[in-house]
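Examining the three-dimensional arrangement
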Amino acid sequence: MFGLQFGHRRDPFRATFAEFSKSLTLIADPDQLRDNVIARIREIVPADPFYFFFYIPEHNRFELIESRGGLKPPSPRIIFKPDNPLVHWFTVNETHVQFSRQPEVAAFLLPEEQDLLKTLSIDLMLPLIVLNRVSGLVGIGPRHDNGAYTYEETEILTTLLGHAAFAFENAYLYQQQKNRLKRMYRADRLATLGQLAAGAAHEIRNPLTSIRSTIQYLQKGMAESSQKALAGELLEEVDRINGIIEGLLSFSRPGTPQVERVDLPSLLEQTLSLVATTAQKQNITLTCSYEADVQTISADPAQLKQVFLNILMNGLQSMDVSGELKVTVRMKRTESFGEPRHPVLDISFSDSGTGISPDHIEHIFDPFFTTKKDGTGLGLSISYGIIQQHGGDIDITSNMKEDPEGPPGTTVSVILPVSHTQRQSTD
Amino acid sequence: MSDMHEHTGRILIVDDEIKIRRILCQILTDEGYTVEIAESGPDALSKLEAFAPDLILMDQNMPDMDGFETMDRIRATVPGQTIIFLTAHGSISLAVDAMKRGAYDYLTKPFDNDELLLVIRRALERTHLTSQITELRRQLADKY
């Protein structure tokens, strides 16, 4: 119904365009931006189906993000790899292609790429290009009359996607910047807390010394065993206080990692076997899968085990009866302004538990923050300190039961640098 | 009390906390040791020659001159001085550092009194043996 007829077309498009350009500068939310762009494209070319692919740096591939009238995302098999001919063609030619009209381009592609395009019945494809780099792909089905897309149509789409590509890049960078700031604030806050804790711990230990030694001294002189027992209880309380202080100290200063070559699969297996019985009692399935070929890494095995154990126990405790706890090891690529950075190791622990509420997640690493009845609130704080000492980071994402975003549960990702450079301890 | 025999030995306690000095002094005096106290590094240095301790209990964290510096200075005058280090930090690296600088042993605050006494007894036994050997060597050298 929206054919392109000469004469009437210019003005409505110009209006669409002006409105569109203006809206792009206002939207920083990628989802909203995507909906907006898709709506505009479909005003211009109302063909079905319609697919939107985005380059995902973490996975180093183009993934299906949105579709209309075709296969739905997420679909792990509908991907395009950046090193394959299709993306390569767009990188070099920086223009659209209509496969039915340009069979030589189709012939240039890998058989699996041709098959995938056929399966999706994509005829017209356009790239999103930012700084000479393909950041996304738009695939559109054949024209309703099975004819060729006109020069006008493709030109308008190209211009529109040119604007959109920059808007997406902006939104992406904005998001990244926001996350980076959040992370920085968190690291800063925890470092301050750590210093405070270490100072307080030291100050408490001196009076604790005279208390403990004096009680023990007085206890020796007591004649009655009931009195001795009372003094003994006091000593236990003193030791309890000291235990808490020790926990605080190991958060602020977990000790320089004794780094050695560690066989990651066997370390994970050992740790998983420690919680296997508990998991079995709760009817929870434990799985461990590798999406990357990782054998040995540089780390402190004892400290790493402590971190893994802590995260696993938290996961198990978040599930009442039955559930799933999945450990996934993968390599994650990150990039900054299109420049690839060093890949990092991502060890993710995903549970199907109750999830963490958004206002709790901000404080999850704070010492003494706990929602458990008999928790000390130091487990994750210490884990965070250990991973920081390894030059890595811990990421937590979570969905509550009532969350529409996805199935409930929490994913804790331990990120470790691949080429481990040991940090100097400031101790 | 099970341990009836009195111990002998001269012990210097160096700590800036008066309550800690007082209780340590009490415990060690009861055991039969001869005890002197110093409330700072300089104070310890000034009492060193007159008191001539067999053993020094040295706190690590003190204002102005800390335990490390005091220890270095003491060992410059009395190279073989036996020193036990007391620290409220409880970090391994600190303890290793203390041992490297010549401390005989270290204890983390707060400590168990019995453990303290055990460490002291062992340290004094060693000091005693070392001085006996030195004495025998000297006698041997005199003879020939």
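Calculation criteria
Residues numbered from 1 in each chain as written. Chains lettered and ligands numbered in written order. Predicted model: local features only at pLDDT ≥ 70, side-chain atom pairs only at ≥ 80, totals over all residues. Heavy atoms only, no water. Contact = heavy atoms within 4.5 Å. Buried area = accessible area lost by both parts, 1.4 Å probe. Salt bridge = Lys/Arg side-chain N within 4 Å of Asp/Glu carboxyl O. Buried < 20%, exposed > 50% of the residue type's maximum accessible area, 1.4 Å probe, protein only. Helix = DSSP H or I, 4+ residues; strand = E, 2+ residues; numbered from the N terminus. Pairing = 2+ DSSP bridges. Right-handed = clockwise from strand over helix to strand, strands pointing away. Axes fitted to C-alpha atoms, helices over the stretch in contact; angles between N-to-C directions. Patch = residues over 30% accessible without salt bridge, like charges linked within 9 Å, V, L, I, M, F, W, Y side chains within 5 Å. Areas by Shrake-Rupley, 256 points an atom, 1.4 Å probe, with all protein chains shown as cover.

What follows deals with the interface of chain A and chain B. Every contact between the two is made by 16 residues of chain A and, on the other side, 20 residues of chain B. Surface buried jointly by chain A and chain B totals about 1800 Å² across both partners, of which 52% is contributed by carbon and sulfur atoms. Three residues, A:His202, A:Asn206 and A:Tyr217, lead the burial of chain A against chain B; their summed loss comes to 31% of the area buried on that side. Summed over the shared surface of chain A and chain B, the number is two salt bridges. Salt-bridge contacts for A:Arg212 lead to B:Asp112; the nearest nitrogen and oxygen are separated by 3.7 Å.

Moving on to the pattern of salt bridges. All names here are of chain A. Under the defined criterion, the tally for this structure stands at 28 salt bridges over all chains. Residue Arg 68 pairs with Glu 66 through a salt bridge whose shortest N-O separation is 3.7 Å. It is possible to trace a salt-bridge network through shared partners that takes in Arg 183, Arg 186, Asp 393 and Asp 395.

All names here are of chain B. Burial runs high along strand S4 (residues 82-87): six of the six residues are buried. Of the two faces of S4, the one holding Thr 82, Ile 84 and Leu 86 and the one holding Ile 83, Phe 85 and Thr 87 are both buried throughout. Inspection of the sheet shows strand S3 (residues 55-59) paired to S4 by five bridges, in the parallel sense. Residue pairing across strands places Leu 57 opposite Ile 84, the latter belonging to S4. Where S4 and strand S5 (residues 105-108) come together, four bridges link them in parallel fashion. By the bridge assignment, Phe 85 is partnered in S5 with Tyr 106.

Side-chain alternation along S5(B) places B:Asp105 and B:Leu107 on a buried face and B:Tyr106 and B:Thr108 on a face that remains uncovered. Handedness of the crossover joining S4(B) and S5(B) through helix H4 (residues 92-100) of chain B: right-handed.

A word on the sheet that holds strand S6 (residues 133-140) of chain A. All names here are of chain A. Across the sheet, six strands lie side by side as S3-S2-S1-S6-S5-S4; this open sheet has antiparallel pairing. Pairing within the sheet leaves two strands with one partner each, and these edge strands are strand S3 (79-80) and strand S4 (97-98). Across five bridges, strand S1 (residues 50-56) lies against S6 in antiparallel orientation. By the bridge assignment, Phe 52 is partnered in S6 with Val 138. Here helix H3 (residues 85-93) sits on the sheet and contacts strand S2 (61-68), S3, S4, strand S5 (124-130) and S6; the angle it forms with S6, its principal contact strand, is near 110°.

The next thing to look at is a nonpolar patch on the surface. Residues A:Leu181, A:Met184 and A:Tyr185 make up a contiguous nonpolar surface patch of about 320 Å² in total accessible area. Along the chain, the position of A:Met184 falls in helix H6 (residues 151-221).

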